[in-house]
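As a plain string of letters, each chain reads:
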Amino acid sequence: MINKHIIKTQLSWLFVIICCFSTNTGIAQNATSPVTVSVTTPRRGTFVSAKDYTGHLQPNAEVKVFANVSGKLVSINAKVGQSVTKDAVLAQSSAKEASLAVIRAESALSRAASQLTTTEASAQARIESELAVAQEALMAAQGKLVETKSLAEIRIRNQLTQAETAYQAALATIERSKINAAQALERAKVELDKNKLEFERNKTLHEKQHISDSNFEGVEQRLKVSQTRYEEAVVTAEQFKEGAIHPSVEKAKADLAVAQKVVESRGWEREIASAESKVTQAQASLNTAQKLVEAKSWEHEISIARAAVTQANEQLKLAREQLSDATIKSPIDGVITTQHQNIGDHALLASSPTGKPVFTVVAVDVLKAVWNMPIGDARRINNGDLVLISTDAGIRNIVGTVTFISPTVSDNTVLVHATVPNSKNSLKPGTAITVSIKTGERKNVQLLPLHSVLNIQNGSGTIFVVEGNVARTKQVNVGGVYSGEIEVTSQLTRGTRVVSDEQHRLTDGMPITIASD
C-alpha cells in the first residue's frame, strides 16, 4: 500500500519537474549536441510499505530524588545539567542520630561476639562441671539420709533427756536461790535491828553531847545502809514466794515440753522423710545434668550465642544502611534537570505530607517515543515490534522498540510508546519525531529510483530508456514508494538502462551520451 502522504509529496515534486520539462522542450529540440545523462537499471528487491505518524520524545524515566532520612542538608554535590551515573552522590544530610545508632550496634555486636567466644570456650566444661556437682550433691544427700536413719531417734530422745535434766537443774537452782534469799533476809534483819539499837543509844549520848557529831553521823550512816540491805533482801525474798514465775524455769519447762512433743510425734520420722526428699531432689538434678551432657546442650547454647551475633550483625548492617541513607544518591543514570533544595534546607521523606524532592533526574540514555495512531492501524503492531524514527533535525533511521500500546481509545486513536536508544545523547527529550511503521512486505519486486520516473499519476509514469545513442520515452505502471524507490509493475527487459537525471532536458529520440561513473 502506498503511503498517501509520501505520494502526495512526490506528486508535488513531479509537477515542478513537468513544468520545467515543458518550458525547456523547445531548447532541447533545437540542441544539436547530445545531452550527458546518468543511467540506472531496474533491480529486484524487497518492497516494504510503511506509514508515518508524528510524535515526540520523552525521558524514559524521570525520578524525584528525596532524602532517605529526614535532616538538614549539609552539602550539595551536583548541579542542574550535570550528567550523573547511578549511585552518584548528589547531596548529604545530617547523620548524627544514624552515626550514634551505628556506634550502639557495633558495641552490641562486640558484646555478642565476646559472649560467643566465652560460650564456645566454657559451655561444655560448665555443663560437665554441673554434672559433677550434681553427683556430689546426691552422694551427700544419700549419706545424710543414712546418718538420719541411724541417729535421728537417738538424738531426739537425747534432746528430751537433756531438756528434763535442764528443767530439774533450773528447779534446783531456784530452790537454792530461795534458801539463800531467806538467809540473806534474816541476816539483813538481824543487822538492821542491831543498828537500830545502837542508833537509839548513840542518839541519847549525842543529845547529851557525850559523843561527837562525826561519831553520831557514822552510826546513823550504818543504820541507813542496813535499812537498804534489808529492803533489797525483802525484794529478793519476794521473788521466791509461792507461785512466783521464774524465767529460767519457764524456758527450761517450755524446752522440755517441745522435746516431749517431738518424741511423742516421732519427729525423727519427719527428719528421715526430709532427708529422703532431698535425696529425690538431688537425684532429679543429677538426671537433668546427665541429660544436658548426653544431649550436648552446650551446642544449643553456642547456637543461641551465634544467633545473637548474627542478629547483632544484621542490626549493625541496618544501622550502617541508615547512615548510608543520609547520603543522597542518584537512583538512575541520567541528567539533573531541577534542583529543588539548597544547603541548610530541611530535607523530608517522600512519605511526608510537606516533603519535596532534592533533585529531579531524568534518564536520557534511553528515551521514549510517544505518538498516537488510529485504532485500525494499532491492530497491526505488537509489543516488541521495531519502528523507524526520524527527527525534524535530520537524524534518521533510529530503531525503536514498541513497549506500550494503550488498552484505551481516545478520539479514535491509541497512545503508543517505544524505547529509543540514546547512547551518545544526540536526541533530546521534547524533540518532534516521525515514526514509520511497516505495513507490508513483498519480495522480488522490480524497483527504480523514485527520481527516474516522471509524471506519476493514476498508477502510471514516464521513464526515458536508452536505445543506442538516443533517449526514448516509455510509459510504465508503478506501485508503492518506499525509501526513495518506486515499484515498477511493467516488465522491463533485463539490463534496460533508464535515465536517472537531466530528464527535464530530454525529448523522445533526443541524442544522449552516458556519463562515466
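Since the structure is predicted, the reported quantities are computational estimates derived from the model, not experimental observations.

Trainee: Describe the sheet that holds strand β9 (residues 346–347), naming the residues involved and giving the relevant values.
Mentor: The four strands lie next to each other as β7-β6-β4-β9, forming an open sheet whose pairing is antiparallel. The sheet is open, and its two borders are formed by β7 (327–329) and β9, each paired with just one other strand. Pairing between strand β4 (residues 71–76) and β9: two bridges, direction antiparallel. In the sheet register, Lys72 faces β9, and the bridge partner there is His346.

Trainee: Describe in detail the pattern of salt bridges, supporting the description with residues and values.
Mentor: A full pass over the atoms with the stated rule returns 15 salt bridges. The salt bridge partner of Lys51 is Asp377, with a shortest N-O separation of 2.9 Å. One end of the pair, Lys51, is in strand β3 (residues 43–65); the other, Asp377, is in helix α8 (residues 375–378), with 326 residues separating them in the sequence. Measuring nitrogen to oxygen at the nearest pair gives 2.3 Å for the salt bridge that ties Glu487 to Arg442. In this pair, Glu487 sits in strand β18 (residues 485–488) while Arg442 sits in strand β14 (residues 432–449), placing the two residues 45 residues apart along the sequence. Residues participating in the shared-partner salt-bridge network are Lys51, Asp377 and Arg380.

Trainee: Tell me about a nonpolar patch on the surface, residues and numbers included.
Mentor: Taken together, Leu386, Leu388 and Val399 make up a surface patch of nonpolar side chains, about 250 Å² in accessible area. Following the sequence through the fold, Val399 ends up in strand β12 (residues 398–405). Given the relative accessible area of 41%, Val399 is considered partly exposed.

Trainee: Give me helix α6 (residues 267–294): which residues, what numbers.
Mentor: For α6, built from 28 residues, the straight-helix expectation of 40 Å at 1.5 Å per residue is met to within 8% by its first-to-last C-alpha distance of 41 Å. Regarding α6, the residues found buried are Gly267, Trp268, Ile272, Ala275, Val279, Ala282, Leu286, Ala289 and Val293. Lys296 lies just past α6 and shows a positive phi near 50 degrees.

Trainee: Account for the environment of Ala432, with residues named and values stated.
Mentor: With respect to the helices and strands, the residue Ala432 is situated in strand β14. We classify Ala432 as partly exposed; its relative accessible area is 34%. Between the C-alpha atom of Ala432 and that of Val370, which follows or precedes it by 62 residues, the distance is 9.7 Å. In this structure, Ala432 is in contact with Gly55, His56, Ser390, Thr391 and Asp392, ignoring residues within four places of it in sequence.

Trainee: So what's going on with the environment of Leu160? Residues and values would help.
Mentor: As for its placement among the helices and strands, Leu160 is situated in helix α3 (residues 96–207). Assessed through its relative accessible area of 15%, Leu160 is described here as buried. For Leu160, the residues in contact, after removing those within four places along its chain, are Leu256, Ala259, Gln260 and Val263.

Trainee: Could you give an account of the packing of aromatic side chains, naming the residues involved and the relevant values?
Mentor: Throughout the structure, instances matching the rule amount to one aromatic pair. Measuring from centroid to centroid gives 5.5 Å for Phe199 and Phe216, while their planes differ by 35 degrees, and the two rings are tilted. Within this pair, whereas Phe199 is found in helix α3, its partner Phe216 is found in helix α4 (residues 213–238), the two being separated by 17 residues in sequence. In terms of burial, Phe199 and Phe216 fall into one category: buried.

Scoring rules and cut-offs
Residues numbered from 1 in each chain as written. Predicted model: local features only at pLDDT ≥ 70, side-chain atom pairs only at ≥ 80, totals over all residues. Heavy atoms only, no water. Pairing = 2+ DSSP bridges. Helix = DSSP H or I, 4+ residues; strand = E, 2+ residues; numbered from the N terminus. Salt bridge = Lys/Arg side-chain N within 4 Å of Asp/Glu carboxyl O. Patch = residues over 30% accessible without salt bridge, like charges linked within 9 Å, V, L, I, M, F, W, Y side chains within 5 Å. Areas by Shrake-Rupley, 256 points an atom, 1.4 Å probe, with all protein chains shown as cover. Buried < 20%, exposed > 50% of the residue type's maximum accessible area, 1.4 Å probe, protein only. Expected span 1.5 Å × (residues − 1). Contact = heavy atoms within 4.5 Å. Phe/Tyr/Trp six-rings, centres within 6.5 Å; stacked < 30°, edge-to-face > 60°.

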